[in-house]
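Fold and contact review
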Amino acid sequence: MRDFRDERIGLPHTARLLGVPISELKAAIHQGAPLRGVAPPQPVVRAGENRGNLLFLAGDVMDCAEALGNAGRNP
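Residues numbered from 1 in each chain as written. Predicted model: local features only at pLDDT ≥ 70, side-chain atom pairs only at ≥ 80, totals over all residues. Heavy atoms only, no water.

What follows covers the nonpolar core. If you look at the biggest cluster of nonpolar residues, it comprises 16 residues, and the most contacted ones within it are Leu18, Val20, Leu25, Leu35, Phe56 and Leu68. Elements with a minimum of two residues in this core: α1 (11-18), α2 (22-31), β3 (53-57) and α3 (58-73). At four residues, α3 tops the list of elements feeding residues into this core. The residues contacting Leu68, other than those within four sequence positions of it, are Leu18, Leu35, Arg36 and Val38. (Core = buried A, V, L, I, M, F, W, Y, C linked by side-chain atoms within 4.5 Å. Buried < 20%, exposed > 50% of the residue type's maximum accessible area, 1.4 Å probe, protein only. Helix = DSSP H or I, 4+ residues; strand = E, 2+ residues; numbered from the N terminus. Contact = heavy atoms within 4.5 Å.)

This part takes up the side chain of Thr14. Turning to its location among the elements, Thr14 is positioned in helix α1. By relative accessible area, Thr14 is classed as buried at 0%. Once residues lying within four places of it in the same chain are set aside, the contact partners of Thr14 are Ile9, Leu25, Pro41, Phe56 and Val61.

The subject of this paragraph is the confidence of the model for the chain. Per-residue confidence for the chain gives a mean pLDDT of 89, with 87% of residues at or over 70. Confidence scores differ between elements of the chain, with strand β2 (residues 45-47) showing the lowest mean pLDDT of 79 and α1 the highest of 96. (pLDDT = per-residue confidence, 0-100.)

Here the focus is unusual backbone geometry. One non-glycine residue, Arg36, lies in positive phi territory at about 55 degrees. With respect to the secondary-structure elements, Arg36 resides in the loop between α2 and β2.

Turning our eyes to something else, we now look at the sheet that holds strand β1 (residues 8-10). In spatial order, the strands read β1-β3-β2; together these three strands make up an open sheet with antiparallel pairing. The sheet is open, and its two borders are formed by β1 and β2, each paired with just one other strand. Mean inter-strand twist for the sheet, computed between neighbouring axes without regard to direction, equals 30 degrees. Examined bridge by bridge, β2 and β3 share three bridges and lie antiparallel to one another. Counted as the bridge partner of Ala47 is Asn53 from β3. Most of the contacts of α1 go to β1, to which it runs at about 90 degrees, and overall it touches β1 and β3. (Pairing = 2+ DSSP bridges. Axes fitted to C-alpha atoms, helices over the stretch in contact; angles between N-to-C directions.)

With that out of the way, let us pick up the pattern of salt bridges. A complete count under the given rule lists two salt bridges for this structure. Notably, a salt bridge pairs Asp63 with Arg5, separated by 2.9 Å at the nearest N-O pair. On the criterion of sequence distance, the pair formed by Asp63 in helix α3 and Arg5 in the segment before β1 is long-range, its members being 58 residues apart. For Arg5, a relative accessible area of 33% translates into the label partly exposed. Between Arg36 and Glu24 there is a salt bridge, and its shortest N-O distance comes to 2.9 Å. Taken as a pair, Arg36 in the loop between α2 and β2 and Glu24 in helix α2 lie far apart in primary sequence, twelve residues in all. Given the relative accessible area of 49%, Arg36 is considered partly exposed. (Salt bridge = Lys/Arg side-chain N within 4 Å of Asp/Glu carboxyl O.)

Structural data, given as structure tokens:
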């Protein structure tokens, strides 16, 4: 059985897990900027006609969510 951390999840679920709007997450990724002070997860797959369908590893998203939570507690 595969570990959930290795599963690929899409942009909407990634944004939901991070608690940020999709537009904010996409902007941080495309601009190479921090997401609320934390490095955003990087997509492992850019698919589709314009490479706009982004897929992320669940483990990377969970690590980012933990960092966002820690950043919010330690201003």
